Amino acid sequence: MRKPKKSTGRGRPVKDAGERLVQVAVRFPPALLAEVDAIRDGRKDGADRSAVVRELVVAGIEARGRARK
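Being a predicted model, the structure only gives us computed values, none of them experimental. (Residues numbered from 1 in each chain as written. Predicted model: local features only at pLDDT ≥ 70, side-chain atom pairs only at ≥ 80, totals over all residues. Heavy atoms only, no water.)

Novice: How should the overall build of the protein chain be read in this particular structure?
Specialist: The helix and strand inventory of the protein chain stands at two helices and zero strands. Relative to the 2.2 N^0.38 estimate, which gives 11 Å for 69 residues, the radius of gyration of the protein chain is 20 Å and therefore markedly larger than a compact globule would have. Taking the principal axes of its C-alpha atoms as reference, the protein chain extends roughly 70 × 30 × 25 Å. The buried share of the protein chain, reckoned over its 69 residues, is 7%. Placing the 18 positive and 9 negative side-chain charges of the protein chain at their respective mean positions leaves the two points 12 Å apart. (Helix = DSSP H or I, 4+ residues; strand = E, 2+ residues; numbered from the N terminus. Rg over C-alpha atoms; globule rule 2.2 N^0.38 Å. Buried < 20%, exposed > 50% of the residue type's maximum accessible area, 1.4 Å probe, protein only. Lys, Arg positive; Asp, Glu negative; His and termini not counted. Charge placed at Lys NZ, Arg CZ, Asp CG, Glu CD.)

So, in structure tokens, the structure goes:
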């Protein structure tokens, strides 16, 4: 009788809770998406659309915090 094989842990490695990003689905009107893409296309660092959207959200939150002070 053979011994059962130990699982090799398929898939991506588990990340700590602080490293995980939560997926959020957002729908954009075509005009707004075109503006996001224009910002992305104008960048030299090759950022993808998701990174640009995250940065815009952070900038908006920071601007809102400054406006409330």
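Next comes the rest of the description.
Novice: What is the right way to look at the packing of helix α1 (residues 30–41) against helix α2 (residues 49–68) in this model?
Specialist: Describing two packed helices takes the angle between their axes plus the distance from one axis to the other. Running from amino to carboxyl end, α1 crosses α2 at an angle of 105°, the nearest separation of the two axes being 9 Å. One way to sum up the angle between α1 and α2 is to call them roughly perpendicular. Residue-level contacts link Leu33, Val36, Asp37, Ile39 and Arg40 of α1 to Arg49, Val52, Val53 and Leu56 of α2. For the contact of α1 with α2, the residue count by class is six nonpolar, no polar and three charged. (Axes fitted to C-alpha atoms, helices over the stretch in contact; angles between N-to-C directions. Parallel < 35°, antiparallel > 145°, perpendicular 65-115°, else oblique. Contact = heavy atoms within 4.5 Å. Nonpolar A, V, L, I, M, F, W, Y, C, P; charged D, E, K, R; others polar.)

Novice: What should I look at first to understand the pattern of salt bridges in this one?
Specialist: A side chain with one charge can pair with a side chain of the opposite charge if their charged atoms come near. Here the structure, examined in full by the defined rule, presents five salt bridges. Its salt-bridge partner being Asp41, residue Arg40 comes within 3.4 Å of it at the nearest N-O pair. For Arg40, a relative accessible area of 24% gives the class partly exposed. Between Asp45 and Arg43 there is a salt bridge whose closest N-O contact spans 2.5 Å. Its relative accessible area of 52% is what places Asp45 among the exposed residues. Here the salt bridges share partners, and the residues they tie into one network are Asp37, Arg40, Asp41 and Arg49. (Salt bridge = Lys/Arg side-chain N within 4 Å of Asp/Glu carboxyl O.)

Novice: Looking at this structure, I do not really get the layout of surface pockets. What am I missing?
Specialist: Vacant regions in the atomic arrangement are exposed by a probe of water-molecule size rolled over the atoms. When its volume is computed, the largest pocket comes out at roughly 400 Å³. In terms of lining, the largest pocket is formed by Leu21, Val22, Gln23, Val24, Ala25, Val26, Phe28, Arg49, Ser50, Val53, Arg54 and Val57. Looking at side-chain class alone, the lining of the largest pocket contains eight nonpolar, two polar and two charged residues. (1 Å grid on protein atoms, 1.4 Å probe; cavity = no way out; pocket = protein on both sides within 12 Å on 5 of 7 lines; lining within 4 Å. Points joined across faces, edges and corners; volume = space filled by probe spheres on them.)

Novice: Would you mind showing me how to read a nonpolar patch on the surface here?
Specialist: A cluster of nonpolar residues, Val22, Val24, Val26, Phe28 and Leu32, forms a patch on the protein surface that exposes about 470 Å² of accessible area. Its location among the elements puts Leu32 in helix α1. When its relative accessible area of 37% is taken as the criterion, Leu32 is described as partly exposed. (Patch = residues over 30% accessible without salt bridge, like charges linked within 9 Å, V, L, I, M, F, W, Y side chains within 5 Å. Areas by Shrake-Rupley, 256 points an atom, 1.4 Å probe, with all protein chains shown as cover.)

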